[in-house]
Amino acid sequence: MTSRVSSAWTSIRKLGVRRALSDTTDRLMREADVAAVRRAGFARVVVSGLLLIAVLIATRDVPPDALLVLHQIRAAEMTLTLLGLVGLGSAWLASRRLAVAWLPGLTATLDAVLIFSNIGYSHWVLGVPGTFFSVFPGIWVIPITMAASAIHYSPRLQAYVAALYVVGLGSLAVSGSSTTLQERERGLSEFASQFGWEANMIRIAMVLSAALILILVARQGRALLERAVRETTMRLNLTRYLPRELAPILSERAFASLRAGRRIPVTLLFVDMRDSSAYGETMDPARLAVFISSFRRRVMRAAAKHGGVIDKFTGDGALILFGVPTETGSDAARALACGRTLFDLIDRWNAKRRFDPPVRIGIGIHTGEVFCGVVGDEDRLEFTVLGETVNTAARIEQATKVVDCPFLVSTQCISAAGESDGWIAIEHPPLPGVTRPIRLMKPKF
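In short, a report on the structure. (Residues numbered from 1 in each chain as written. Predicted model: local features only at pLDDT ≥ 70, side-chain atom pairs only at ≥ 80, totals over all residues. Heavy atoms only, no water.)

## So, the overall build of the protein
Then, in step 1: The secondary structure content of the protein amounts to 14 helices and 8 strands.
Then, in step 2: Residues counted as buried form 42% of the 445 residues belonging to the protein.
Then, in step 3: Counting only contacts in the protein whose residues sit at least 6 apart along the sequence, the fraction spanning at least 24 positions is 71%.
Then, in step 4: Surface exposure of the protein reaches about 24,600 Å², of which carbon and sulfur atoms provide 61%. (Helix = DSSP H or I, 4+ residues; strand = E, 2+ residues; numbered from the N terminus. Buried < 20%, exposed > 50% of the residue type's maximum accessible area, 1.4 Å probe, protein only. Contact = heavy atoms within 4.5 Å. Areas by Shrake-Rupley, 256 points an atom, 1.4 Å probe, with all protein chains shown as cover.)

## Let's talk about a positive patch on the surface
Then, in step 1: There is a patch of like positive charges on the surface, built from Arg38, Arg39, Arg97 and Arg219.
Then, in step 2: Summarising the element assignment, arginine 38 is placed in helix H2 (residues 23-58).
Then, in step 3: The class for arginine 38 is partly exposed, based on a relative accessible area of 37%. (Patch = residues over 30% accessible without salt bridge, like charges linked within 9 Å, V, L, I, M, F, W, Y side chains within 5 Å. Salt bridge = Lys/Arg side-chain N within 4 Å of Asp/Glu carboxyl O. Lys, Arg positive; Asp, Glu negative; His and termini not counted. Charge placed at Lys NZ, Arg CZ, Asp CG, Glu CD.)

## Quick notes on unusual backbone geometry
Then, in step 1: The omega torsion of the bond from aspartate 356 to proline 357 falls at 0 degrees, within 30 degrees of zero and hence cis.
Then, in step 2: Residue position: proline 357 is located in the loop between helix H12 (331-353) and strand S4 (361-377).
Then, in step 3: Unlike most non-glycine residues, arginine 354 shows phi in positive territory, near 55 degrees.
Then, in step 4: Here arginine 354 lies in the loop between H12 and S4.

## Concerning helix H13 (residues 388-402)
Residue pairs three or four apart in sequence face the same way in an α-helix, which turns once every 3.6 residues.
Then, in step 1: The first and last C-alpha atoms of H13 sit 21 Å apart over 15 residues, in line with the 21 Å expected at 1.5 Å per residue.
Then, in step 2: All of the buried residues along H13 are Thr389, Val390, Thr392, Ala393, Ala394, Ile396, Glu397, Ala399 and Thr400.
Then, in step 3: Just past H13, the residue aspartate 404 takes up positive phi, approximately 55 degrees. (Expected span 1.5 Å × (residues − 1).)

## Section: the pattern of salt bridges
Then, in step 1: What the rule picks out here adds up to 9 salt bridges.
Then, in step 2: When the shortest N-O distance is used, the salt bridge between glutamate 77 and arginine 74 registers 3.8 Å. With glutamate 77 and arginine 74 both in helix H3 (residues 67-95) and 3 residues apart, the pair spans about one turn of that helix.
Then, in step 3: Salt-bridge contacts for glutamate 397 lead to arginine 274; the nearest nitrogen and oxygen are separated by 3.2 Å. Taken together, the residues span a long stretch of sequence, with glutamate 397 in helix H13 and arginine 274 in the loop between strand S1 (262-273) and helix H10 (276-282) at a distance of 123 residues.

## Quick word on the packing of aromatic side chains
Describing an aromatic ring pair means giving the distance of the ring centres and the angle of the ring planes.
Then, in step 1: A complete count under the given rule lists 6 aromatic pairs for this structure.
Then, in step 2: Arranged with centres 5.4 Å apart and planes meeting at 85 degrees, the rings of phenylalanine 291 and phenylalanine 355 form a pair that is edge-to-face. In this pair, phenylalanine 291 sits in helix H11 (residues 285-305) while phenylalanine 355 sits in the loop between H12 and S4, placing the two residues 64 residues apart along the sequence. Like phenylalanine 355, phenylalanine 291 is buried. (Phe/Tyr/Trp six-rings, centres within 6.5 Å; stacked < 30°, edge-to-face > 60°.)

## A closer look at the packing of H11 against H12
Then, in step 1: Interaxial distance between H11 and H12 falls to 9 Å at its minimum, and their mutual angle equals 145 degrees. For the pair H11 and H12, the crossing hand works out as right-handed. Listed contacts from H12 to Phe291, Ser294, Phe295, Arg298, Val299, Arg301, Ala302, Ala303 and Lys305 of H11 are Cys338, Thr341, Leu342, Leu345, Ile346 and Trp349.
Then, in step 2: Class assignment of the residues belonging to the contact of H11 with H12 gives a composition of 10 nonpolar, 2 polar and 3 charged. (Axes fitted to C-alpha atoms, helices over the stretch in contact; angles between N-to-C directions. Left-handed = near helix turned anticlockwise from the far one by under 90°. Nonpolar A, V, L, I, M, F, W, Y, C, P; charged D, E, K, R; others polar.)

## Points about the environment of aspartate 331
Then, in step 1: Its place among the elements puts aspartate 331 in helix H12.
Then, in step 2: The exposure class assigned to aspartate 331 is buried, which follows from its relative accessible area of 5%.
Then, in step 3: A sequence separation of 65 residues divides aspartate 331 from valine 266, and the C-alpha atoms of the two residues are 7.2 Å apart.
Then, in step 4: When near neighbours in sequence (up to four residues on either side) are disregarded, aspartate 331 contacts Thr267, Phe322 and Gly323.
Then, in step 5: A polar atom in the side chain of aspartate 331 sits 2.6 Å from the side chain of threonine 328. (Polar contact = N/O pair within 3.5 Å; in protein donor to acceptor, adjacent residues only side chain to side chain.)

## Side note on the nonpolar core
Then, in step 1: Of all hydrophobic cores here, the largest spans 36 residues; its most connected members are Leu269, Val271, Phe291, Ile363 and Ile365.
Then, in step 2: Going through the elements one at a time, S1, H11, strand S3 (317-322), H12, S4, strand S6 (407-410) and helix H14 (411-417) are the ones with two or more residues in this core.
Then, in step 3: If you tally residues by element for this core, the top one is H12, at 9 residues.
Then, in step 4: Not counting residues within four places of it along the chain, the set of residues in contact with valine 271 comprises Phe295, Val299, Asp316, Gly317, Ala318, Leu342, Ile361, Gly362 and Ile363.
Then, in step 5: Core analysis: the next-biggest nonpolar cluster, separate from the first, contains 33 residues, Ala43, Ile73, Ala112 and Ile139 among them. (Core = buried A, V, L, I, M, F, W, Y, C linked by side-chain atoms within 4.5 Å.)

## A look at the pairing of S3
Then, in step 1: The buried fraction of S3 is high, at 6 of 6 residues.
Then, in step 2: Alternating residues of S3 divide into Gly317, Leu319 and Leu321 and Ala318, Ile320 and Phe322, and every residue in both groups is buried.
Then, in step 3: By the bridge criterion, 6 bridges tie S1 to S3 in an arrangement that is antiparallel. Looking at S3, one finds that leucine 269 is bridged to isoleucine 320.
Then, in step 4: Sheet topology places strand S2 (residues 309-314) next to S3; 5 bridges connect them, and they run antiparallel. Each residue of the ladder has a partner; that of phenylalanine 313, found in S3, is alanine 318.
Then, in step 5: Linking S2 back to S3 in an antiparallel pair, the connection comprises 2 residues, with glycine 315 at a positive phi of about 65 degrees. (Pairing = 2+ DSSP bridges.)

Here's what the structure looks like:
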């Protein structure tokens, strides 16, 4: 028994736990939350208006001497009007993205306050025993407000709303002294008018209102499911030809931009393993596959740490992009930090595996404008960056072999990163195939 109680309590606590979400998923969830608050607000307005009209029509012929019924009608009209105003206010705030996270709980609480104020008016002001709460008109509004809360798809909110009404109605049920069977019969005679066709028409309108809200909930759930499937399908297609860092974060609009192609400023880092052919000659195929995979893991780790996007692996080398899909002011600085991280990871790899000869790499970095986009037809699409900047970055990496310096960076990159104090210019022959004059720098230490 104790274990079951503990398991139930754990399940309840998990209702409030939000799993870690990716940036894209979090963005989609925020948009869905705003839309849900707006829909719930408008649903409250429509339902309150529908019920208010039903009450006005159905109570036209109530005799003026039925004071108890008239008081309850006035209280119902006031409650429905305030419920509509609560819905209108929440929809207005959601449209301006104000307090969106708090609105579902706040509106649900205000709903409960209004409903229990209506019921309390019948109980404490009109003197109707609390044990008669099941015939109070306000009771029929509770399923409607609970359905409205379901629009938000929040188990935590739904549990909170359920607790509000269960505790409130439970308090009414036990309030006051118990009544005898004869007292109940006399008390119920005062509610005889609530079982006529007029009252039943209002109840039917309430059932219709709850049904309309649940239809809205089902429609919203279907729309969210279709959007999730569409987004998932798009990303599965994108992962076939986009860098794995890009596919999860691209919206449909951003992908359309890449499909059209554009020119953007980026920082490119080329890394290449030195004398890799020597390892291929001395290792059996299985060990060589593990060796290259280990090297690539370290490249991916360095790129991920500094927000780089791996455009492609080329055998024992790689091209890492900084500033794709969106340029930031730190692209060049992050590229330099990524280069330093790569050297550190390779040094630790050498110390761990004691390679003989040790693994060595060359890194060249350059900043400039490139063409960035998805090219090809539907049968074979490919993400690519093209332009003189790409060619220059590749030549800088190759120059590391000529000047015997493993880390070379263009002055354009150093200037963009704002790190001139840590670098020194070097003499070097012109870069093959590069028409513009390029000055290269290496780390001082």
